[in-house]
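Structural overview for review
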Amino acid sequence: MDSAELIERLRREGGFRLLPLLGNTGQVAGVHLTRFLPGGHLDVVQAWDERWATYARLPNALDTATPFLGPVGGTIRSGPFSRVVAPLLPLQSGVVG
């Protein structure tokens, strides 16, 4: 399964919303996918290409004492796109990243 198919499954089956990921020059450098989960969590996937992506599950809450500090207590993974998103969807058997 290629990246375009995975992105479509994340959108259709996983409830993710898609935005372009912009690089330093303002040009599209990849994709930014987000979804809000029940229980107050936010899933974020950023992928630059099939070889490199990051995933984070973060609490969807603002700490008013330190509003510019990143959220604490989340899950973070990085690596090849297909491997990073595999736990987020039930992939077809035989698909390896």
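Our subject is the structure listed above.
Residues numbered from 1 in each chain as written. Predicted model: local features only at pLDDT ≥ 70, side-chain atom pairs only at ≥ 80, totals over all residues. Heavy atoms only, no water.

Points about the overall build of the protein
Looking only at helices and strands, the protein features two helices and five strands. Per-residue burial for the protein yields a buried fraction of 30% across its 97 residues. About 6,500 Å² of surface is accessible on the protein, with carbon and sulfur atoms providing 56% of the total. (Helix = DSSP H or I, 4+ residues; strand = E, 2+ residues; numbered from the N terminus. Buried < 20%, exposed > 50% of the residue type's maximum accessible area, 1.4 Å probe, protein only. Areas by Shrake-Rupley, 256 points an atom, 1.4 Å probe, with all protein chains shown as cover.)

Quick look at helix α1 (residues 3-12)
Helical geometry note: an α-helix holds 3.6 residues per turn, so side chains three or four residues apart project in the same direction. Buried within α1 are the following residues: S3, L6, I7, R9 and L10. One face of α1 carries all of its buried residues, which in axial projection span an arc of 160°. Turned more than 90 degrees from where α1 packs its buried face, A4 and R12 sit exposed. For α1, the N-terminal cap is D2; the gap from its side-chain oxygen to the backbone nitrogen of A4 is 3.3 Å. (Arc of directions from axis to C-beta. Polar contact = N/O pair within 3.5 Å; in protein donor to acceptor, adjacent residues only side chain to side chain.)

Thoughts on the sheet that holds strand β4 (residues 52-59)
Spatially, β1-β2-β3-β4-β5 is the arrangement adopted by the five strands of the open sheet, whose pairing is antiparallel. Of all strands in the sheet, those bounded by a partner on one side alone are β1 (17-22) and β5 (75-79). Here the strands of the sheet are splayed against their neighbours by 15° on average, with no regard to which way each runs. Bridge analysis of strand β3 (residues 41-49) against β4 gives eight bridges, and the strand direction is antiparallel. (Pairing = 2+ DSSP bridges. Axes fitted to C-alpha atoms, helices over the stretch in contact; angles between N-to-C directions.)

Focus: the pattern of salt bridges
Applying the stated rule across the entire model yields six salt bridges. Among the ionic pairs, R9 bridges to E13, the shortest N-O distance being 2.7 Å. Residue R35 is joined to D43 by a salt bridge in which the shortest nitrogen-to-oxygen separation is 2.9 Å. Per residue, the accessibility class of R35 equals that of D43, and both read buried. A cluster of three or more residues bridged by salt bridges with shared partners is formed by E8, R9, R12 and E13. (Salt bridge = Lys/Arg side-chain N within 4 Å of Asp/Glu carboxyl O.)

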